[in-house]
Amino acid sequence: LAVAVDAEDNQDILNDVKKPNVLFDDVIGAQNAKDELKYFINYLKNPAKYLSQGVKSPKGILLYGPPGTGKTLLAKAVAGESGLTFISAEGNQFFKSAVGAGAEAVHSLFARARKYAPSVLFIDEIDAIAKSRLESSGIVDDVLTSFLTEMDGFKTDSTRPVFVLAATNIPPDKEQGVGLDPALVRRFDRRLFIDLPDKDERLLFIRKKVEKMPNSKISEPMMNNIASRSVRMSLAELDSVFELAMRNVIKSDSFNVTDEILEEAYEEFINGEEKKNSPDEVERIARHEAGHAVMAQLNGIEPAYVTIAARGTHGGYVEKSVDENKGNYTKKELLAEIDVALAGRAAEIVYYGEIDGLTTGASSDIRSATRLAQEMICAYGMDAEFGCVYINVDNSSETYGDVLRRANEIISRRLKKVISELASRRTVIDAIVEKLIDKTSINGHELKEFFDKA
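Because the structure is a prediction, the values reported are computed rather than measured. (Residues numbered from 1 in each chain as written. Predicted model: local features only at pLDDT ≥ 70, side-chain atom pairs only at ≥ 80, totals over all residues. Heavy atoms only, no water.)

*Asks:* Mind showing me how you'd approach the overall build of the protein chain here?
*Replies:* From N to C terminus, the protein chain includes 17 helices and 13 strands. In the protein chain, buried positions account for 46% of the 454 residues. When contacts within the protein chain are restricted to residue pairs at least 6 apart in sequence, those whose partners lie at least 24 apart make up 75%. Carbon and sulfur atoms make up 49% of the accessible area of the protein chain, which amounts to about 23200 Å² in all. (Helix = DSSP H or I, 4+ residues; strand = E, 2+ residues; numbered from the N terminus. Buried < 20%, exposed > 50% of the residue type's maximum accessible area, 1.4 Å probe, protein only. Contact = heavy atoms within 4.5 Å. Areas by Shrake-Rupley, 256 points an atom, 1.4 Å probe, with all protein chains shown as cover.)

*Asks:* Please explain the packing of aromatic side chains as it appears in this structure.
*Replies:* Evaluated as defined, the whole model comprises 8 aromatic pairs. Ring geometry for Y305 versus Y317: centroids 6.0 Å apart, planes at 50°, classification tilted. Note that Y305 is positioned in strand β10 (residues 303–307) and Y317 in strand β12 (residues 317–320), a separation of 12 residues in sequence. Both residues of the pair, Y305 and Y317, count as buried. Connected via pairs of aromatic rings, a cluster forms that spans Y39, F40, Y43, Y50 and F163. The ring of Y329 has K326 lying over it, and the distance from NZ or CZ to the ring centre is 5.0 Å. The lysine or arginine in question, R426, covers the ring of Y351, its NZ or CZ lying 4.3 Å from the ring centre. (Phe/Tyr/Trp six-rings, centres within 6.5 Å; stacked < 30°, edge-to-face > 60°. Lys NZ or Arg CZ within 6 Å of the ring centre and 35° of its normal.)

*Asks:* Please explain the pairing of strand β4 (residues 119–124) as it appears in this structure.
*Replies:* Two faces make up the sheet, and in a regular strand the side chains alternate between them. Taking burial as the measure, the 6 residues of β4 include 6 buried ones, the bulk of the element. Burial of β4 is two-sided: the residues S119, L121 and I123 facing one way and the residues V120, F122 and D124 facing the other way are all buried. Two strands pair when backbone bridges link them, and β4 and strand β5 (residues 162–168) are joined in this way by 5 bridges, in the parallel orientation. Across the sheet, residue S119 finds its bridge partner in β5, namely V162. (Pairing = 2+ DSSP bridges.)

*Asks:* In this structure, what is going on with the nonpolar core? I would like to understand it.
*Replies:* Looking at soluble globular proteins, one finds that nonpolar side chains tend to be buried together. Counting 50 residues, the largest nonpolar core has I338, I377, L422, I429 and I432 as its most contacted members. Elements supplying a minimum of two residues to this core: α12 (279–298), α13 (331–356), α14 (363–378), α15 (398–423), α16 (426–439) and α17 (444–453). If one sorts the elements of this core by residue count, α13 sits on top with 13 residues. Listed in part, the 29 residues of the second largest apolar core include L62, F110, V143 and A183. (Core = buried A, V, L, I, M, F, W, Y, C linked by side-chain atoms within 4.5 Å.)

*Asks:* Can you help me understand the side chain of S146 in this one?
*Replies:* By the secondary structure assignment, S146 is in helix α6 (residues 138–151). At a separation of 3.0 Å, a polar atom in the side chain of S146 contacts the main-chain carbonyl oxygen of D142. In this structure S146 touches A103, V106 and H107, once residues within four positions along its chain are discounted. (Polar contact = N/O pair within 3.5 Å; in protein donor to acceptor, adjacent residues only side chain to side chain.)

*Asks:* Whenever I open this one, the pattern of salt bridges confuses me. Can you help?
*Replies:* Pairs may arise between side chains of opposite charge once their charged atoms sit close together. Applying the stated criterion to the full structure yields 26 salt bridges. A salt bridge links R202 to E324, with the nearest nitrogen and oxygen atoms 2.6 Å apart. Highlighted residues: R202 in helix α8 (residues 199–212) and E324 in the loop between β12 and α13, separated in sequence by 122 residues. Given a relative accessible area of 0%, R202 falls into the buried group. A salt bridge links R229 to E319, with the shortest nitrogen-to-oxygen separation between them at 2.6 Å. Taken together, the residues span a long stretch of sequence, with R229 in helix α9 (residues 220–229) and E319 in strand β12 at a distance of 90 residues. Taken as a pair, R229 and E319 share a single burial class, namely buried. Linked by salt bridges that have partners in common, R229, E264, E267, R311 and E319 make up one network. (Salt bridge = Lys/Arg side-chain N within 4 Å of Asp/Glu carboxyl O.)

*Asks:* What should I look at first to understand the sheet that holds β10 in this one?
*Replies:* Whether parallel or antiparallel, the strands of a sheet pair through hydrogen bonds between backbone atoms. Here 3 strands make up an open sheet; going across it, the order is β12-β10-β13 and the pairing antiparallel. Either end of the sheet is taken by a strand with one partner, and the two such strands are β12 and β13 (441–443). Each strand of the sheet is rotated relative to its neighbour by a mean of 10°, with strand direction disregarded. Both β10 and β13 contribute to a ladder of 3 bridges, which runs antiparallel. Among the inter-strand pairings, T307 is bridged to a residue of β13, identified as S441. Along the sheet, α16 makes contact with β10 and β13, crossing β13 at roughly 115°. (Axes fitted to C-alpha atoms, helices over the stretch in contact; angles between N-to-C directions.)

*Asks:* What am I meant to see in α8 here?
*Replies:* Count 3.6 residues to each turn of an α-helix, and residues three or four apart come out pointing the same way. Helix length check: α8 (14 residues) gives 20 Å between terminal C-alpha atoms against 20 Å at 1.5 Å per residue, within 8%. Within α8 the residues assigned to the buried category are R202, L203, F205, I206, K209 and V210. Summarising the axial view, the buried residues of α8 lie within an arc of 160°, below the 170-degree limit, and thus occupy one face. In α8, the exposed residues that point more than 90 degrees away from the buried face are D200, E211 and K212. For α8, the elements touching its buried residues are β7 (216–217), α9 and α10 (235–251). (Expected span 1.5 Å × (residues − 1). Arc of directions from axis to C-beta.)

*Asks:* Can you walk me through unusual backbone geometry in this structure?
*Replies:* Residues apart from glycine generally show negative phi values, whereas peptide bonds are mostly found in trans. Across the junction of A117 and P118, the peptide omega takes the value 0°, indicating a cis bond. Mapped onto the fold, P118 is located in the loop between α4 (101–115) and β4. If you check the backbone angles, A30 has positive phi at about 55° while not being a glycine.

*Asks:* Looking at this structure, I do not really get the confidence of the model for the protein chain. What am I missing?
*Replies:* As a note on interpretation, predicted positions should not be read in detail where pLDDT is low. Model confidence for the protein chain is summarised by a mean pLDDT of 86, while 90% of its residues fall at 70 or above. Mean pLDDT across the elements of the protein chain ranges from a minimum in strand β1 (residues 13–14), with 60, to a maximum in α13, with 96. (pLDDT = per-residue confidence, 0-100.)

Spelled out as structure tokens, the structure:
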């Protein structure tokens, strides 16, 4: 039956015209969340069937995870899929200037949801009212208490349930001093973590974006390259990259989004606009980054992208292909990471000598190598001198000097090894440098050609 919505309720209820044209098939990833939400939608459509089997009326689901992972999009898909009365609200809309007005707004919203039940009530950014009461004000306490009372469902008919769907970027359990109120979290049937997309999900999103772009000239290798490099990026951020690419096309009076334009948009979004260096500085940076790329390849760490474009605080960088599901590393793998970190400094020494090869450009690399060496000694029990123990040290402890001395021994030994290996591979370094100076950046597919010829 069609729901006849009163005029006073019209602003809060999404009718068939207002409902977003989004279905679960349009949501990339979050399969576990979609399966759970489908179950609850089926319950809401036919509550008598489930009640007859002794299944309790559901209260709701709390979606949480990093920003831009699609929590709101999932709520829109629930609206599109359910065919039920869908009421949407924002967490901060309950804050009123008059005393008690916020609590009354909560009661009014739930009364409206019960009036048109079975219904779905979506509260976005619920953390605005659901932070721990130890951290909140009196106004928040009143609103939260009202919400808890309504979630208990004393006023709800089990044959006409109200299902609460809420979204937040804050983890339910307390982390780093921030958390949601435990009493509220317990009111939800399920807490579903919506994680950042993996490579396959990012690639699917990119392909869908490319399919919808008019006059797109983006190749499959470029789509794969962006998907591989965009580790820990949300789909919302990837969408912003494509929006930037489209703006750049329009500003340049061009008609096609090419590989070069998309790659530049990605770089500009992540690291800012390109800055110019002198020819001598460009050549030095190219040798530095080529050293990183060659050493990564020698250690089985496939370089996905290398650039000498100066952006933000860096003069260039190498991006490595990573296994996003990898959790443990061997001692050999950590030593390989140290070698790759030291390879920029080592390449400069090979080309400019022991004195002129020492520049400030390797500072972040040295910091990374030092951190890895210290963790091997202190955290992972991988050093023969210190043994298989955990060492808790800071800069002021007596042990710190010994740890730093040992880390320096490890790094010095690895640096000599890397210098020797790069010195014997100057031909491939020179070829990569020449290409970098010519076109600024090289992707993993192009790099492979240099290594295959070496």
